[in-house]
Amino acid sequence: MRLSYPSNIKVIQVPCSGRVDIIHLLKAIEDGADGVYIAGCLEGECHFLTGNLKARKRVNYVKKVLEELGIEPERVEMFNLSAGEGPRFVEIAKEMAERIQELGPSPVNVQKKAA
Amino acid sequence: MIIADRKPLAELLEMIQDCDRILILGCKGCVTVCNVGGAKEVGILASALKIARKKEGRTLEVDERTLERQCDPEYIEQVKNEVGDYDAVISMACGVGPQFLSTAYPEQRFYPAVNTTSFGGAVQHGVWEERCAGCGQCVIHYFGGMCPIARCSKSLLNGPCGGSAGGKCEISKDVDCIWDMIVRKKTEQGRLEDLLDVKPPKSWDTARDGGPRRSVREELVQ
Amino acid sequence: MSDLKSGSNLEKVLKAGHFAFTGECGPPKGANVEHLKEKVAHLKGMVDAVNVTDNQTAVVRMSSWAASTIMLQEGVEPNFQMVCRDRNRLAMMSDILGVSAMGIRNMLCLSGDHQRFGNHPQSKNVYDIDSMQLIALAKKMRDEGRFLNDEEIDVPPRLFIGAAANPFAEPHEFRPYRLAKKVEAGADFIQTQCIYNMDRFRAFMKRVVDMGIHEKCSILAGVTPMKSVGMAKYMGKMVPGMDVPDELIQRLQGAGKGKVAEEGIRFALEQIEEFREMEGVAGVHLMAIEWEHRVPEIAERAGMLPRPRV
């Protein structure tokens, strides 16, 4: 099954979504990503028990930071799916890409170009 | 330990409005334990401030460092060679840190990144509560090991007041009525008589009311 | 006369064995003396003394001692209230001397509502001493003629010392003990929180009588007539330590449009009737909040008039 997802998404593989910390998400935004999301396992099915739950809380924290800075919190998201769900992975990727398209470039990048 | 909460980013951005290069100084003491001002939080704050600046089309150079403690001159001294290289320094320690820094380096500006709130501990992961008011004359043993000065909204020594309902304080459903807990514990222990005498007025001269406190251990003073 | 502690009308009424009847009046949110005098006029001759609240619910009002003084000038005996929230021990002692100098003879000692509820939630609270310690302080000043630091007072204050009790606050089992502590500290009389749950109050009083507390002080049962169903619901839900049973709310609802206030008064009258016969209850404290003009009618219908002259 070879499924294609939007080419403007850069996938970074980690052993567990619980490995993704607040600083990783922030750094992505800081370095110019227009959006960043975590695709973790289904809730209740984490191999390390609570990795994906922790990831969700960190995503929520970053959403709040962005809100404080006047940046759309929707640029950061948490999704849950099982490893066997290839089509769902593509669906999420498309959904996120569309969302970011609608939001437009991150304010961080807009200002960089203007300057 | 000392508990603190991070200041809103808007307030911090306002402080460093005219700065292009700053140092964020964390502390490995209490604020690391209550996850507000350790190395990790220093990194998060640095990134958040940089994002904010990029959004404005400006750049901000941020260096990060975390000291063993910011309440001892020997650790404060560790930044003496670099502290002058910045437009300002943000301290993520409790209120003590920026004061020690300001005293040691009078030419530099130091800004507090956190609001120091209380002396307390973690009641569950991610939740901290006040336990001590630092009154200078501990009396918890009279009250089943619970401090009504820190934990009763009215610091009553002869409580509970008439606002205690459902084990909660009248000021908020999120605040336990400590007097409810004291009475229940003493009742369960069969020691209710401990609460039946009228506790006389407390002397506040050892508390902040008596002026700034100072502790001296003669055997250590050089 | 020498066996009287203060010589206040309330003290004399109670000492003579009459069933006491006290009222309540909140000072104005301003320096409006006329409005205060108007409210006081409704109470004249209707009650034995009138409580003057002290920044009640932590909302700033004319000081309780000043309003008490005006009341005194109008020929109504005040029961000066003092809360621990707004004064340290220096201010308390100086105000105790001040009110006594002005001829005020009753004083009610309270912790005070937390300022979180009031109109200046940013304020620093004092709570230098608590209500229990305030009672003991007033007693020490009166009976020993000494300040808290044991220094002598040249002319000690003369005050009939009161305190509050809330039988409905928790933990319920501890409430009689707390009352006993207040009496031990020096309270001459007690006024209770507004009573709506009669079952709980009966149980509380039984315990109080079993402990013999009623023999050492005069207990006045708190009554506040419900003006509306909304008020009943608000008090039950929003006021901590207030117990409004559902049956009472249903009874008020059942009264029908325009008749709720009358039903509220009827319930209050039934309560007063029961309190007259209840062992350990020495009187009623009627807190007709912003309803001073209805007090004469309530007093009349409750059979409280005329008030004894002692």
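Every value quoted in this text rests on a predicted model; they were computed, and no experiment measured them.

Colleague: Please explain the overall build of chain A as it appears in this structure.
Modeller: Within chain A, the secondary structure is distributed over four helices and two strands. In sequence order, the secondary structure elements of chain A are arranged as α-β-α-β-α-α. What you see for chain A is a C-alpha radius of gyration of 14 Å, in line with the 13 Å of a compact globule of 115 residues. Overall size of chain A, expressed as C-alpha extent along the three principal axes, is 45 × 30 × 20 Å. Counting all 115 residues of chain A, 41% fall into the buried class. Contacts in chain A between residues at least 24 apart in sequence constitute 67% of all its contacts with a sequence separation of at least 6. For chain A, the exposed surface amounts to about 6900 Å²; the carbon and sulfur share of it is 53%. When the 16 basic and 16 acidic side-chain charges of chain A are each reduced to a single mean position, those positions are 5 Å apart.

Colleague: Just to check I follow, could you spell out the sheet that holds strand 7 (residues 127-132) of chain B for this structure?
Modeller: Through backbone hydrogen bonds, the strands of a sheet pair up, either in parallel or in antiparallel fashion. All names here are of chain B. Spatial strand order, 1-6-7: three strands in an open sheet with antiparallel pairing. Only two strands of the sheet have a single neighbouring strand rather than two, namely strand 1 (2-6) and strand 7. Along the sheet, successive strands turn relative to each other by an average axial angle of 70°, direction set aside.

Colleague: Even after reading the chapter, I still don't get the side chain of R53 of chain B, so can you show me in this structure?
Modeller: Residues and elements named next belong to chain B. Position of R53 among the secondary structure elements: in helix 3 (residues 39-55). We note that R53 is buried and unpaired, the nearest opposite charge coming from E56 at a distance of 4.2 Å. Setting aside residues up to four positions removed in sequence, R53 forms contacts with I16, Q17, C19, D20, R58, T59 and L60.

Colleague: How should I be thinking about the interface of chain B and chain C in this particular structure?
Modeller: Interfaces are often sized by the accessible area lost when the parts come together. Listed by partner, the interface residues are 29 residues for chain B and 29 residues for chain C. Summed over both partners, the interface of chain B with chain C comes to about 2500 Å²; 56% of that surface belongs to carbon and sulfur atoms. Run the count over chain B and chain C and you get zero salt bridges. For the interface between chain B and chain C, the tally reads 20 residue pairs in polar contact (both at pLDDT 80 or more). For the side of chain B that touches chain C, the element with the most residues is helix 7 (residues 178-189) of chain B, which contributes three residues. Split into classes, the residues belonging to the side of chain B that touches chain C amount to 14 nonpolar, eight polar and seven charged.

Colleague: Explain the interface of chain A and chain B here, please?
Modeller: Facing 18 residues of chain A, the contacting portion of chain B comprises 17 residues. Summed over both sides, the interface between chain A and chain B buries roughly 1500 Å², with carbon and sulfur atoms accounting for 62% of that surface. In this structure, D21 of chain A engages K40 of chain B in a salt bridge whose closest nitrogen and oxygen atoms are separated by 3.1 Å. Remark: the boundary between chain A and chain B carries eight residue pairs in polar contact (both at pLDDT 80 or more). Looking at the side of chain A that touches chain B, the elements that each hand over two or more residues are helix 1 (22-30), helix 2 (51-68) and helix 4 (107-114) of chain A.

Colleague: Explanation requested: the sheet that holds strand 3 (residues 78-83) of chain C in the structure shown.
Modeller: Residues and elements named next belong to chain C. If you walk around this closed barrel you meet the eight strands as 1-2-3-4-5-6-7-8, and the pairing is parallel. The sheet shows a mean angle of 30° between the axes of neighbouring strands, taken without regard to direction. The sheet contact formed by strand 1 (residues 20-25) and strand 8 (residues 281-286) spans three bridges and is parallel. Bridged to F21 within strand 8 is V284. In the packing of helix 10 (residues 260-277) onto the sheet, the strands contacted are strand 7 (218-223) and strand 8, and the crossing angle to strand 7 comes to about 165°.

Colleague: Before we go on, may I ask you to explain helix 6 (residues 175-185) of chain C in this structure?
Modeller: Note that an α-helix has 3.6 residues per turn; residues three or four places apart therefore point the same way. All names here are of chain C. A large share of helix 6 lies buried, amounting to eight of its eleven residues. Here helix 6 has its buried residues at R175, P176, R178, L179, K181, K182, V183 and A185. Considering only its buried residues, helix 6 is in contact with helix 5 (131-144), strand 5 (160-165), strand 6 (189-194), helix 7 (198-210) and strand 7. Phi for G186, located one or two positions after helix 6, is positive at around 135°.

Colleague: Explanation requested: the arrangement of the chains in the structure shown.
Modeller: Of all two pairs of chains in contact, the one with the most contacts involves chains B and C. One finds no contact between chain A and chain C; the C-alpha atoms of the two approach each other to within 25 Å at their closest.

Colleague: What is the right way to look at the nonpolar core in this model?
Modeller: Generally speaking, nonpolar side chains in soluble globular proteins are found buried as a group. Membership of the largest hydrophobic core comes to 109 residues, with the highest contact counts inside it found for W179 of chain B together with L134, F201 and F275 of chain C. Looking at this core element by element, the count peaks at seven residues for helix 10 of chain C. Look past the residues within four positions of F275 of chain C in its chain and what remains in contact with it is F19, I195, M198, F201, A221, V223, V281 and V284 of chain C. A55 and V59 of chain A together with V62 and A93 of chain B belong to the second-largest nonpolar core, a separate cluster that totals 47 residues.

Colleague: Explain the domain arrangement of chain B to me, please; I cannot follow it from the model alone.
Modeller: According to the domain assignment, chain B contains domain 1 (2-117) and domain 2 (133-208). Between the C-alpha centres of domain 1 of chain B and domain 2 of chain B there is a distance of 37 Å.

Colleague: When you look at the packing of helix 5 of chain C against helix 6 of chain C in this model, what are you seeing that I'm missing?
Modeller: Two quantities define a packed helix pair, namely the angle between the axes and the distance from one axis to the other. Residues and elements named next belong to chain C. Two elements in contact, helix 5 and helix 6, have axes whose closest approach is 8 Å; the angle formed by their N-to-C orientations is 25°. By the angle class used here, helix 5 and helix 6 are roughly parallel. The segment helix 5 lies against helix 6, with S131, M132, I135, A136 and K139 engaging R178, K181, K182 and A185. When grouped by side-chain class, the residues that make up the contact of helix 5 with helix 6 number four nonpolar, one polar and four charged.

Colleague: Looking at this structure, how should I read helix 9 (residues 246-254) of chain C?
Modeller: All names here are of chain C. Of the positions making up helix 9, those classed as buried are L248, I249 and L252. Mapping the buried residues of helix 9 onto a view down its axis gives an arc of 100°, with all of them on the same face. Looking at helix 9, the residues exposed on the side facing more than 90 degrees away from the buried face are D246, E247, Q250 and G254. Along its buried surface, helix 9 packs onto helix 8 (229-238) and helix 10. G256 lies just past helix 9 and shows a positive phi near 90°.

Colleague: Explain the packing of aromatic side chains to me, please; I cannot follow it from the model alone.
Modeller: Note on aromatic pairs: each is described by the distance of the centres and the angle between the planes. Within this structure, the stated rule accounts for nine aromatic pairs over all chains. Here Y37 of chain A and F79 of chain A contribute two aromatic rings whose centre-to-centre distance is 5.4 Å and whose plane-to-plane angle is 90°, an arrangement assigned as edge-to-face. Placement of Y37 of chain A in strand 1 (residues 36-40) and of F79 of chain A in strand 2 (residues 76-80) is noted, with a sequence separation of 42 residues between them. Considered together, Y37 of chain A and F79 of chain A belong to a single accessibility category, that of buried residues. Their ring planes at 80° and their centres at 5.4 Å tell us that F201 of chain C and F275 of chain C sit as a pair that is edge-to-face.

About the thresholds
- Counting restarts for each chain, with residues numbered from 1 along the sequence as it is written.
- Lettering for chains starts from A, numbering for ligands starts from 1, and both go in the order in which the items are written.
- Thresholds applied to this predicted model are a pLDDT of at least 70 for local features of residues and 80 or more for the giving and counting of side-chain atom pairs; totals over whole chains, interfaces and linings are not thresholded and use all residues.
- To get the side-chain values, take all heavy atoms of the structure and skip hydrogens and water.
- Helix numbering and strand numbering both begin at the N terminus, where a helix is a DSSP run of H or I of at least 4 residues and a strand a DSSP run of E of at least 2.
- Radius of gyration means the value over C-alpha atoms here, while the globule rule gives 2.2 Å times the residue count to the 0.38 power.
- Relative accessibility thresholds used throughout: buried, under 20% of the residue-type maximum; exposed, over 50%; partly exposed, between the two (1.4 Å probe, protein chains only).
- The criterion used for residue contact is that any of the two residues' heavy atoms lie within 4.5 Å.
- The accessible surface values rely on the Shrake-Rupley method and a 1.4 Å probe; as for residues, cover is taken only from the protein chains in view.
- In this count, Lys and Arg are taken as positive residues and Asp and Glu as negative ones, while His and the chain termini are left out.
- By convention, charge coordinates are those of NZ in Lys, CZ in Arg, CG in Asp, or CD in Glu.
- Here the rule is simple: two strands pair whenever DSSP picks up at least two bridges between them.
- For helices, the axis comes from a line fit to the C-alpha atoms of the stretch in contact; other axes are also lines fit to C-alpha atoms, and the angle between any two N-to-C directions lies between 0 and 180 degrees.
- Salt bridges are defined by distance alone: a side-chain nitrogen of Lys or Arg within 4 Å of a carboxyl oxygen of Asp or Glu.
- Throughout, buried area stands for the accessible area (probe radius 1.4 Å) lost by two parts on being put together, summed over both.
- What qualifies as a polar contact is a pair of N or O atoms within 3.5 Å, subject to a donor-acceptor requirement within protein and to the restriction that residues adjacent in sequence count only when both atoms come from side chains.
- Under the scheme applied here, ten amino acids are nonpolar (Ala, Val, Leu, Ile, Met, Phe, Trp, Tyr, Cys and Pro), four are charged (Asp, Glu, Lys and Arg), and all others, including Gly, are polar.
- In this text, buried Ala, Val, Leu, Ile, Met, Phe, Trp, Tyr and Cys residues form a nonpolar core when linked through side-chain atoms within 4.5 Å.
- As annotated, the domain borders come from an automatic or database domain assignment.
- Note that the term roughly parallel is reserved for angles under 35 degrees, roughly antiparallel for angles over 145, roughly perpendicular for angles of 65 to 115, and oblique for everything else.
- Note that the arc is defined by the directions from the helix axis to the C-beta atoms.
- Ring pairs shown here join Phe, Tyr and Trp side chains whose ring centres sit within 6.5 Å, with only the six-membered ring taken for Trp; geometry is labelled stacked below 30 degrees between planes, edge-to-face above 60, and tilted in between.

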